[in-house]
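Examination of the molecular architecture
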Amino acid sequence: MRTFREDLEQAVSYHGHLCSGQIIGVRMARLGLSLLHIDDPDHYRDLIVYLESDRCIADAIGTVTGCKLGRRRLKWMDYGKTAATFLDLASGRAVRVYRKYRVFPPEGADLLAFYEAVSDEELFSVQEVEVAIRPTDLPGPPQEIQVCAFCGEEILDGRQVEKDGKCCCRSCLDGGYYRVKE
């Protein structure tokens, strides 16, 4: 396993700058891996991470664990929490690690020195949890492909809904985050 400093350097390189979120995310990822006894995350393919934030910690956790959204091993849950769940598919064990409270260094303090003085027990809480993962959420090729009856686009892995008795994508059902220019 890489050292904390090596993981942090890799995370900062990916993210673009050192910040509290990078340090917290690296520590959170390392704690989750340790609790699941995963020593070589770069070569371990049975780990799935559920991120509850799309902030700086997300880049750090993805970098340290090797989990990627496009490989279906990184799942984003839009909860706005400084938390992540680490699921080991091989053992079925899952741990959720979350920040107990906001701890920030004083203005002008050395970030690394500040956070190195705070223990994992002071910074994080850990919960053993269960994660019910559907086959359509597992890594690998799509398990199901449907076509939206309204826009004609493919819908992968059980994300379709029903509208007027027809297969429908969520953007046709609720309106998407985008609007097509006329």
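Reference entry: report on the structure contained in this document. Worth saying up front: this structure is predicted, and the values here are computed from it rather than measured.

Calculation criteria
- Residues numbered from 1 in each chain as written.
- Predicted model: local features only at pLDDT ≥ 70, side-chain atom pairs only at ≥ 80, totals over all residues.
- Heavy atoms only, no water.
- Helix = DSSP H or I, 4+ residues; strand = E, 2+ residues; numbered from the N terminus.
- Buried < 20%, exposed > 50% of the residue type's maximum accessible area, 1.4 Å probe, protein only.
- Contact = heavy atoms within 4.5 Å.
- Areas by Shrake-Rupley, 256 points an atom, 1.4 Å probe, with all protein chains shown as cover.
- Axes fitted to C-alpha atoms, helices over the stretch in contact; angles between N-to-C directions.
- Parallel < 35°, antiparallel > 145°, perpendicular 65-115°, else oblique.
- Left-handed = near helix turned anticlockwise from the far one by under 90°.
- Nonpolar A, V, L, I, M, F, W, Y, C, P; charged D, E, K, R; others polar.

1. Thoughts on the overall build of the protein
Summing up its helical and strand segments, the protein has six helices and nine strands in all. Counting only C-alpha atoms and orienting by the principal axes, one finds that the protein spans roughly 60 × 40 × 25 Å. Expressed as a percentage of the 182 residues in the protein, the buried residues total 39%. Summarising the internal contacts of the protein: among those between residues at least 6 apart in sequence, 60% fall at separations of at least 24. When the accessible surface of the protein is totalled, it reaches about 10,900 Å², and 50% of it is carbon and sulfur.

2. Concerning the packing of helix H1 (residues 4–15) against helix H3 (residues 56–65)
Packing of H1 against H3 brings their axes to within 9 Å, and their N-to-C directions diverge by 125°. Viewed along their axes, H1 and H3 adopt a mutual orientation that is oblique. Between H1 and H3 lies a crossing of right-handed hand. Every residue of H3 that contacts H1 at Asp 7, Gln 10, Ala 11, Tyr 14 and His 15 is listed here: Cys 56, Asp 59, Ala 60, Thr 63 and Val 64. Its residues assigned to classes, the contact of H1 with H3 shows five nonpolar, three polar and two charged.

3. Considering H3
The buried count for H3 comes to eight of ten residues, which makes it a mostly enclosed element. Listing the buried residues of H3 in full gives Ile 57, Ala 58, Ala 60, Ile 61, Gly 62, Thr 63, Val 64 and Thr 65. Contacts made by the buried residues of H3 are with H1, helix H2 (20–35), strand E1 (47–51) and strand E3 (83–88). Once H3 finishes, Gly 66 follows within two positions and takes phi at roughly 80°, a positive value.

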